[in-house]
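Listed here are the chains, written in short residue letters.
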Amino acid sequence: MEDQKSNKLLILYASQTGNALDAAERVGREAERRGCSVVIRSMDDFDAGSLPQVDTAIFVVSTTGQGDTPDSMKVFWRFLLQKSLKKQWLKGVHYAVFGLGDSGYQKFNFVAKKLDNRLSDLGAMAVVERGLGDDQHPSGYEGALDPWMQSLWSRLHQINSSFFPQGPDFVIPDMKLISQQKVHITYHNIGNADSRSSIASDFKGIQTQLESARSMSPGKFSSYKNKPDCFLKMVKNQPLTREGCGKDVHHFEFEFVSEVIEYEVGDVVEVLPCQDPAAVNAFIQCCNLDPEAFITVNIIRAIAVMNFHGNVLWKDKKVHYREINNNLPTTEIPIKLRTFVELTMDVASASPRRYFFEARILDILDFILNVMSFFATAEHEKERLQYFASPEGRDDLYKYNQKERRTVLEVLEDFPSVQMPFDWLVQLVPPLKTRAFSISSSLLAHPNQVHLTVSVVSWMTPYKRKRVGLCSTWLAGLDPQQGTYIPAWFHKGCLPRPVPSVPLILVGPGTGCAPFRGFVEERAIQTLTGATAPIIFFFGCRNEKNDFLYRDFWLSHSQSNGVLSEAVDGGFYVAFSRDQPKKVYVQHKMLEHSQRIWNLLLKGASIYVAGSSTKMPADVWSAFEEIVSEESGAPKDSAAIWLKSLQRAGRYHVEAWS
């Protein structure tokens, strides 16, 4: 295989939400800046059986849920676990592993750790110690990635000097490495455009536009993300919190429009948000684009070193992207430029990982700043951009961008003389991604619907700029009477559907209660046709009057022999953290009912925990340790071992989010 020779560095990534892809691209571009040829592949786009023919491979993998591998890694991982593979199968192969995880989970970076161990077991030699990125770090995974890369370059050069012909510390000056994906825009005469491109009156027309736009985008959407599983239409938008209390949580109900998806409780739905039309208009106007122009986007995979006079100094062979990706259609449907921007380019999101300079493209910050400075016509703007790109300007860039979460639109508005061609914008603007939510309903209770419980995200930056979450704000502002079609994708989450005969211990403060609303709905229906095991649920919020989510629902099921009533050995216990001088959290309520929890565990209960990934999962785990230790008489370390055995047996599940 041409791109797996020893002078090319293979980078394999496994990503669930896109962060591992972002990190893999960072590693690749930093290597390219040092003169190293790079190949970046998703694990599901690589034949694991060819690993022995690879000289050096860098693995960038995320951990999802409770130590789970990303979907794109499952086949690759099953191959590596084959017992037929001998211990020296990967002898002579060098590797390095960088993991992305969240220390709020018990199995922090579990996938990276087990991959590292397995590669070593198969005879491969580690180049450097594995790197473990942590979402809890103030700088996110980048806090571990930067020092890890510095060690990686040094060790790679020692192992194979051909990777970096001029040494690992040499970075190409006065010229920049052009991205592996180069974009070419073709403008079409509207008379020649496919008529399907202008049909958007129903969900089929919208689906055609969506698939066309996202299949042409360089944002590396999988074919799974191009075509939605179905379309939803909102039928209910109900606030759950008291206005002005500091929290804004909504209950949403959606009906299936195209087809009913047979989801299960504990599943996750991803929706593609609609961007603010005013922001899209401002972006188009700021960039002097024609929103009515019909375009197709061709992506060319190429590696070239150029100076900023446009002279190519060297280049590798170019390959049309669609020749190497069989998932993409061979015939593009021309689409309006505005529609392409709306569906694929995140121009005004306040998400912390989606701003122009940071995160996804931090490693090529100099590259982007220099691209901007190249297109800047005002001398003072050019100087400021070049200063930001310099080592001396990095602290000021951090204050300007990362602390303020500036968006692409804001950056372009701050530098109005920068007039970047649209093909550069398509290449550099972060892709518009779907947002994932835990489903808060049971299909048994609502045969044609799916429900969500969503906290509307908003915060103030250090300089008092108000930021809002793109998707949550959009959903909260939708009027069910508008009949907006919402593309949706369904998949398994971290909480498997429980069988009726298994007792459940549920812990879900705040919007962590969302999946458990579906659990309770489903078990209530199951009791109508057979015997079911009890459920005890620990819920937490700030105040009883302000943010007691689904109050009537929980109370109705905790009375009159409901599935949460103590009359059937169930229970519903609430911690109102701020209704008394001393704060009370779910773990305190758990300790109050220590014996009940222990009795259910002895009867084979499964534990489900959902909510914030900061301190809550660890605090709940510690509470369970204390309960098991006290009720069984065993020491704390033995209690921890016993709880870990529950995890291995599939009886302790966590779904948490930051």
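No experiment lies behind these values; they were computed from the predicted model shown.

The rules behind these values
Residues numbered from 1 in each chain as written. Predicted model: local features only at pLDDT ≥ 70, side-chain atom pairs only at ≥ 80, totals over all residues. Heavy atoms only, no water. Helix = DSSP H or I, 4+ residues; strand = E, 2+ residues; numbered from the N terminus. Buried < 20%, exposed > 50% of the residue type's maximum accessible area, 1.4 Å probe, protein only. Contact = heavy atoms within 4.5 Å. Areas by Shrake-Rupley, 256 points an atom, 1.4 Å probe, with all protein chains shown as cover. Axes fitted to C-alpha atoms, helices over the stretch in contact; angles between N-to-C directions. Parallel < 35°, antiparallel > 145°, perpendicular 65-115°, else oblique. Nonpolar A, V, L, I, M, F, W, Y, C, P; charged D, E, K, R; others polar. Core = buried A, V, L, I, M, F, W, Y, C linked by side-chain atoms within 4.5 Å. Pairing = 2+ DSSP bridges. Salt bridge = Lys/Arg side-chain N within 4 Å of Asp/Glu carboxyl O. Arc of directions from axis to C-beta. Phe/Tyr/Trp six-rings, centres within 6.5 Å; stacked < 30°, edge-to-face > 60°. Lys NZ or Arg CZ within 6 Å of the ring centre and 35° of its normal. Polar contact = N/O pair within 3.5 Å; in protein donor to acceptor, adjacent residues only side chain to side chain. pLDDT = per-residue confidence, 0-100. Left-handed = near helix turned anticlockwise from the far one by under 90°.

### Overview of the overall build of the chain
Moving on, step 1. Tallying secondary structure elements over the chain gives 21 helices and 26 strands in all.
Moving on, step 2. Counting every position in the chain, which comprises 658 residues, the buried fraction comes to 58%.
Moving on, step 3. Within the chain, residue pairs in contact and separated by at least 24 positions form 78% of the contacts whose partners lie at least 6 positions apart.
Moving on, step 4. Surface accessibility of the chain: about 28,000 Å² in total, with carbon and sulfur atoms responsible for 49%.

### Points about the packing of helix α19 (residues 594-602) against helix α20 (residues 616-632)
Moving on, step 1. The N-to-C vectors of α19 and α20 enclose an angle of 85°; their axes lie 9 Å apart at closest approach. Here α20 runs roughly perpendicular to α19, going by the angle between their axes. Contacts between α19 and α20 involve Ser 594, Gln 595, Ile 597, Trp 598 and Leu 601 from the former and Phe 624, Ile 627, Val 628, Glu 631 and Ser 632 from the latter.
Moving on, step 2. Counted by class, the contact of α19 with α20 contains 6 nonpolar, 3 polar and 1 charged residues.

### Focus on the nonpolar core
Moving on, step 1. With 47 residues, the main nonpolar core has Phe 283, Val 297, Phe 340, Met 345, Met 420, Phe 422 and Leu 425 as its most contacted residues.
Moving on, step 2. In this structure, Phe 340 is in contact with Ala 213, Met 216, Ser 217, Ile 295, Val 297, Ile 335, Met 345, Phe 422 and Val 426, ignoring residues within four places of it in sequence.

### Remarks on unusual backbone geometry
With the exception of glycine, most residues fall at negative phi, and the peptide bonds are largely trans.
Moving on, step 1. Here Asn 109, not a glycine, exhibits a phi torsion of approximately 55°, which is positive.
Moving on, step 2. Looking at the element boundaries, Asn 109 is found in the loop between β4 (94-101) and α3 (110-121).
Moving on, step 3. In this structure, Asn 288 takes a positive phi of about 55° despite not being glycine.
Moving on, step 4. Relative to the elements of secondary structure, Asn 288 occurs in the loop between α7 (277-286) and β12 (294-301).
Moving on, step 5. The class for Asn 288 is exposed, based on a relative accessible area of 61%.

### Quick notes on the sheet that holds strand β18 (residues 449-455)
Moving on, step 1. Taken in spatial order, the 6 strands make up an open sheet running β17-β11-β21-β9-β10-β18, and their pairing is antiparallel. Among the strands making up the open sheet, the edge pair consists of β17 (435-438) and β18. With strand direction ignored, the average angle separating the axes of adjacent strands in the sheet is 40°.
Moving on, step 2. Its contacts with the sheet place helix α5 (residues 203-216) against β9 (230-239) and β21 (485-491), and it is angled at close to 65° to β21.

### Here we look at the pattern of salt bridges
Moving on, step 1. With the rule as written, the count across this model stands at 18 salt bridges.
Moving on, step 2. Its salt-bridge partner being Glu 522, residue Arg 497 comes within 2.6 Å of it at the nearest N-O pair. Linking Arg 497 in the loop between β21 and β22 (504-507) with Glu 522 in helix α16 (residues 514-526), this pair joins segments that are 25 residues apart in sequence.
Moving on, step 3. Judged by its relative accessible area of 5%, Glu 522 falls in the buried class.

### Topic: the sheet that holds strand β23 (residues 535-541)
Two pairing modes exist for strands in a sheet, parallel and antiparallel, and in both the strands are linked by backbone hydrogen bonds.
Moving on, step 1. Taking strand neighbours across the sheet as the criterion, the 5 strands line up as β24-β23-β22-β25-β26 in an open arrangement whose pairing is parallel. Looking along the sheet, the strands with just one partner apiece sit at the ends: β24 (571-576) and β26 (652-657). Direction aside, the axes of adjacent strands within the sheet are offset by 10° on average.

### A look at α19
Moving on, step 1. Ser 594, Ile 597, Trp 598, Leu 600 and Leu 601 are the residues of α19 that are buried. For α19, the angular spread of buried residues about the axis comes to 165°, placing them on one side. Those residues of α19 that are exposed and angled more than 90 degrees off the buried face are Gln 595 and Leu 602.
Moving on, step 2. Along its buried surface, α19 packs onto β22, β23, α18 (586-592), β25 (606-612), α20 and α21 (636-648).
Moving on, step 3. Once α19 finishes, Gly 604 follows within two positions and takes phi at roughly 90°, a positive value.

### A closer look at the packing of aromatic side chains
Moving on, step 1. In total, this model carries 30 aromatic pairs according to the counting rule given.
Moving on, step 2. An angle of 35° between the planes, with centres 5.8 Å apart, marks the rings of Phe 256 and Phe 490 as tilted. Here Phe 256, found in strand β10 (residues 249-256), pairs with Phe 490, found in strand β21; they are 234 residues apart in sequence, far enough to count as distant.
Moving on, step 3. Classification of Phe 256 as buried rests on a relative accessible area of 7%.
Moving on, step 4. A residue is classified by how much of its surface remains accessible, and Phe 490, at 10% relative accessible area, is buried.
Moving on, step 5. Three or more aromatic residues joined by ring pairs form one cluster here, namely Phe 516, Phe 519, Phe 537, Phe 539, Phe 548, Tyr 550, Phe 553, Trp 554, Phe 572, Phe 576 and Tyr 608.
Moving on, step 6. The ring of Tyr 400 is capped by Arg 384, whose NZ or CZ atom sits 5.1 Å from the centre of that ring.

### What to know about the side chain of Ser 438
Moving on, step 1. Within the secondary structure, Ser 438 sits in strand β17.
Moving on, step 2. Side-chain polar atoms of Ser 438 contact the side chain of Glu 655, separated by 2.4 Å.

### Considerations on the confidence of the model for the chain
Moving on, step 1. Overall, the predicted model of the chain reaches an average pLDDT of 85, with 85% of residues at or above 70.
Moving on, step 2. A low-confidence stretch, residues 1-5 stays under pLDDT 50, and its non-local contacts, those more than four residues away or across chains, total 9 contacts.
Moving on, step 3. Counting interchain partners and residues more than four positions distant, the pLDDT-below-50 stretch residues 302-330 has 60 contacts.

### A look at the packing of helix α1 (residues 19-33) against helix α4 (residues 142-159)
Moving on, step 1. Look at α1 against α4: their axes get within 11 Å of each other, and the N-to-C directions meet at 35°. The way α1 lies across α4 gives a crossing that is right-handed. Seen from α1, the contacting residues are Ala 23, Arg 26, Val 27, Glu 30 and Ala 31; seen from α4, they are Glu 142, Leu 145, Asp 146, Trp 148, Met 149, Leu 152 and Trp 153.

### Brief notes about the side chain of Ser 42
Moving on, step 1. By secondary structure assignment, the location of Ser 42 is in strand β2 (residues 37-42).
Moving on, step 2. A residue is classified by how much of its surface remains accessible, and Ser 42, at 12% relative accessible area, is buried.
Moving on, step 3. A distance of 2.6 Å separates the side chain of Ser 42 from the side chain of Asp 44, its partner in a polar contact.
Moving on, step 4. What Ser 42 contacts, discounting residues up to four positions off in sequence, is Tyr 13 and Ser 72.

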